[in-house]
Every structure is written in C-alpha cells, then in structure tokens.
Amino acid sequence: MINKPNLDDLQVYEQFDKGGMLACLHEMPRLCQQAWQMAMRFDLPQDYSVVDKVVILGMGGSAIGGDLVASLAVSEAKLPVIVCRDYNLPALVDAGTLVIASSYSGKTEETLSSFEQAVETGSRKLVVTTGGRLKSLAEERNIPVFSFDYKAQPRAALAFSFLPILGFLQRLGFLGDKSADVRETVGVLQELARRVGEDVPLSRNPAKQLANRLYGHLPVLYGAGVVSEVARRWKTQINENSKAWAFYEVFPELNHNAVVGYQFPPELADKIMVVLLRSALLEQRTQLRYRITCQLLGRARVGYQIVDGDGTSPLSQMMSLVLFGDYISYYLAILYEIDPTPVKAIDYLKEQLAKGEGG
C-alpha cells in the first residue's frame, strides 16, 4: 500500500465519497444546535421525572448516543443510566424505570424486540426515531415520540441520538442545565471543523496526519472517564467508515491486563497504532496512567499518539474528540480508496437474518 490517494487533492473526495459522508461531517455543529433546540421544545411528560433509573435501548449508531449520555451522567446523576444492546429487556425494568428506545430507522430488530417487552411493563417510555415500526408501535400506545427528519447513515445522525436524550434528562431534573455547555460545544466544533476540514493541507491538518499514521495499521483506541465511550465511537467509525479493523479499551482497567499483552506476538508491534484519547478533566492519577502507559508502549516499540479534547466543559471535550475521530475515519476511508457511507457487510447480515425468518 504505497500509492495511496493524496488527501490534499480535493478531487479524491468526489471520486470515492459517492455517498456524501463529508457533507454530514460539515453539518455536525449545526445538527448539534438543532437537536438541542428541538429537545428543549419537545412535549415531555413531567411525571417521567418520578423514576429511579433510565434504560436506553439501541444498537450501533443509535446506541452510542446513550453511551455518551451515560458517561456524562455517571458523575452527576443520582440515578443509573443503562444502555441495553440486546433483544431482551433487562429484568430490572419496572414502574420506576424510564425506557428510551433509540433507533434511527425504527426498524432495528433488537431494539424493537426489547421495546415490545417494555410496552408490557409499567415503565415510562419514550421513543427517538425517524419512523418505521418503532414509531408506529409507540403512536399506537400513545407513547411520546421524538421524531426527526435527517437523511443519513445512523452513525452520521449522532446529534439526534445524543443531545435530545441529554436534554430530556436535564429537563426531568436528573442533570444540571447544559445549555451553556451546548453553546460552547457548537463553537468548539465549528472551530475544529475549520482546522481539520478537507481544504486544510496535510502539513497543517492533524486529522489528515493521524489518518496517514493509521493507514495500514490496526488502530487500538484508549479512553478514560468522560471520553471512555468516545473511544468506542472511534472504533465503530473506523469499522464502518474506513471498513477497517479497530478495537478499544478503557482506563484504568486496561492497566490491569492490556499492558501485559504488548509483548507477543512480536511481529504485530509495528502493525499496531494506539491512539490515547484524553481529557484535561481527568483526575491526576488517571493522567499519570496515560504517561506510564505511553512509556510501556514505547518500550514495546508500539506506535502511539495522544489526542486531547477541546473546550472547558465535559460535553465539549467529548464532542470535539468525537468529531475529530469522525474526520479521521473519513480520511482513512479515502486512503483505502473506499466510499465511507455503504455498510455492505451489515446489509448482507440483515438480508440473511430476514431469510432465516422466512425459513
């Protein structure tokens, strides 16, 4: 893999990005603002605040929003926020639970299955979707539906699977006012997009530079605290956009096992690239773990790079790293000369599952 595309040649984006993923990246700051405003206007039943836990149902690009909410809630909310990626509803769901089903298409079979089970419980329920069976089922039962209209792959609609749920938890009194954080985040994302956009040359573009480092390597993403689930987002974006292998792990747990595994097989050392996502808001002991882990990676001759979040609030730190990773996965797709948008393996899997139903 020597003659890879030149990321400074704007024609390569027209050549490979047939699905228009770049336009979705451009829209992220605006979509975040729009999604938040919609959430603030949404008719949310106030009796939904009388719960002692929140369970978010979703898969893939629709579930990651719940992961990000849970990361923000863990240090502030007085109730647990749990993300369920499965056909079966957790047994703990009862009348004291707020169940939020998130599915971009409204057709995700795992989410539909678990939501249908939730309908039979006394839990409060809410749906986030563009339509499909999930919306119909909710409307039949007079369950509130936060409906949005944005044509894209589910992973590109993150603003709508994340910020509305965050806004709902704020309005129900489970989280503090995030309005100022959202304003800061939108500004941070706008500035970041100016620094990493396709028209910014490689010599000054950190996203293009890191994509070039990841090219031909197996990306391993590390995160901690408020950016732990951002590492998952990078992993899944590299999988879906770049059509490449990737894995993620979380501090401090990885220091109790992963660091011991750098030794074998030795021939993998120069094929792995570790990206450590870091926030200035992490506690000092965790920051120290980052530094020591980098020393261990260096001793094992494994390539690594630290990427820091931007802004002052947890939300801006988180979302700046999300957008930065989205751009990197996009540039990596271009380097691999493939359209970032289609997910043919997932389409095939769904087709085979549908045949299984018929059989």
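Shown above is the structure to which this text applies.
Residues numbered from 1 in each chain as written. Predicted model: local features only at pLDDT ≥ 70, side-chain atom pairs only at ≥ 80, totals over all residues. Heavy atoms only, no water.

Here we take up the packing of helix α6 (residues 158-171) against helix α11 (residues 314-335). Two measures define how a pair of helices packs: the angle their axes make with one another and the distance between the axes. The contact between α6 and α11 brings their axes to 13 Å, and the two run at 170°. When the axis of α6 is compared with that of α11, the two are roughly antiparallel. Residue-level inspection shows Leu 158, Phe 162, Leu 163 and Leu 166 of α6 in contact with α11, the latter providing Leu 315, Met 318, Met 319 and Val 322. Here the residues of the contact of α6 with α11 are counted per class, giving eight nonpolar, no polar and no charged. (Axes fitted to C-alpha atoms, helices over the stretch in contact; angles between N-to-C directions. Helix = DSSP H or I, 4+ residues; strand = E, 2+ residues; numbered from the N terminus. Parallel < 35°, antiparallel > 145°, perpendicular 65-115°, else oblique. Contact = heavy atoms within 4.5 Å. Nonpolar A, V, L, I, M, F, W, Y, C, P; charged D, E, K, R; others polar.)

In this structure, the amide linkage connecting Phe 251 to the following residue, Pro 252, adopts the cis form with an omega of -5°. Mapped onto the fold, Pro 252 is located in the loop between β7 (247-250) and β8 (272-278). Residues Phe 264 and Pro 265 are joined by a peptide bond in cis, for which omega reads -10°. The residue Pro 265 is located in the loop between β7 and β8 in this model.

Burial runs high along strand β6 (residues 218-223): five of the six residues are buried. In terms of strand pairing, β6 meets β8 through five bridges, oriented parallel. Within the sheet, the bridge partner assigned to Val 220 lies in β8 and is Val 274. Examined bridge by bridge, β6 and β7 share four bridges and lie parallel to one another. Looking at the pairing, Val 220 lines up with Phe 247 of β7. One crossover worth recording links β6 to the parallel β7 by way of helix α9 (residues 228-240), and it is right-handed. (Buried < 20%, exposed > 50% of the residue type's maximum accessible area, 1.4 Å probe, protein only. Pairing = 2+ DSSP bridges. Right-handed = clockwise from strand over helix to strand, strands pointing away.)

Now for the sheet that holds β6. For sheets, the rule is that strands pair by backbone hydrogen bonds, running either parallel or antiparallel. Read from one edge to the other, the open sheet built from four strands follows the order β7-β6-β8-β9, with strand pairing classed as parallel. Edge positions in the sheet fall to β7 and β9 (303-308), since each has one partner strand and no second. Each neighbouring strand pair of the sheet contributes to a mean axis angle of 20°, computed without reference to strand direction. On top of the sheet, helix α8 (residues 206-214) reaches β6, β8 and β9; it is set at about 145° to β8, its chief contact.

Taken as a whole, this structure holds 15 aromatic pairs when the rule is applied. Taking the centre distance of 6.0 Å and the plane angle of 40° together, the rings of Tyr 327 and Tyr 331 count as tilted. Of this pair, Tyr 327 and Tyr 331 both sit in helix α11, four residues apart, which is roughly one turn of that helix. Taking relative accessible area as the criterion, Tyr 331 reaches 0% and is therefore assigned buried. Here the aromatic cluster, defined as three or more aromatic residues joined through ring pairs, consists of Tyr 13, Tyr 327, Tyr 330 and Tyr 331. (Phe/Tyr/Trp six-rings, centres within 6.5 Å; stacked < 30°, edge-to-face > 60°.)

Glancing now at a nonpolar patch on the surface. A cluster of nonpolar side chains, namely Tyr 87, Leu 349 and Leu 353, defines an oily patch on the protein surface of about 260 Å² accessible area. Its location among the elements puts Leu 349 in helix α12 (residues 344-358). Accessibility expressed as a relative area gives 49% for Leu 349, which makes it partly exposed. (Patch = residues over 30% accessible without salt bridge, like charges linked within 9 Å, V, L, I, M, F, W, Y side chains within 5 Å. Areas by Shrake-Rupley, 256 points an atom, 1.4 Å probe, with all protein chains shown as cover. Salt bridge = Lys/Arg side-chain N within 4 Å of Asp/Glu carboxyl O.)

Our focus in this paragraph is the packing of helix α3 (residues 60-73) against α11. Here α3 crosses α11 at 150°, and the two axes come no closer than 11 Å. It follows from the interaxial angle that α3 and α11 lie roughly antiparallel. When you trace α3 past α11, the crossing you get is right-handed. Here Leu 68, Ser 71 and Leu 72 of α3 lie close against α11, whose contacting residues are Pro 314, Leu 315, Met 318, Met 319 and Val 322. Classifying every residue of the contact of α3 with α11 by side-chain character gives seven nonpolar, one polar and no charged. (Left-handed = near helix turned anticlockwise from the far one by under 90°.)

This paragraph deals with the nonpolar core. The tendency in soluble globular proteins is for nonpolar side chains to be buried side by side. One finds Phe 162, Trp 234 and Met 319 to be the most contacted residues of the largest nonpolar core, which totals 107 residues. In contact with Phe 162, other than residues within four places in its own chain, are Gly 65, Leu 68, Val 69, Leu 72, Leu 315, Met 318 and Met 319. Residues Leu 89, Val 93, Ala 101 and Leu 137 belong to the second largest nonpolar core, which totals 17 residues. (Core = buried A, V, L, I, M, F, W, Y, C linked by side-chain atoms within 4.5 Å.)

A few words on α8. Considered for burial, the residues of α8 that qualify are Ala 207, Lys 208, Leu 210, Ala 211 and Leu 214. Across the axial projection of α8, the buried residues extend over an arc of 165°, all falling on one side. Taking the backbone nitrogen of Ala 207 as reference, a side-chain oxygen 3.0 Å away marks Asn 205 as the first, capping residue of α8. Positioned one or two residues after α8, Gly 216 has a phi angle of 80°, which is positive. (Arc of directions from axis to C-beta. Polar contact = N/O pair within 3.5 Å; in protein donor to acceptor, adjacent residues only side chain to side chain.)

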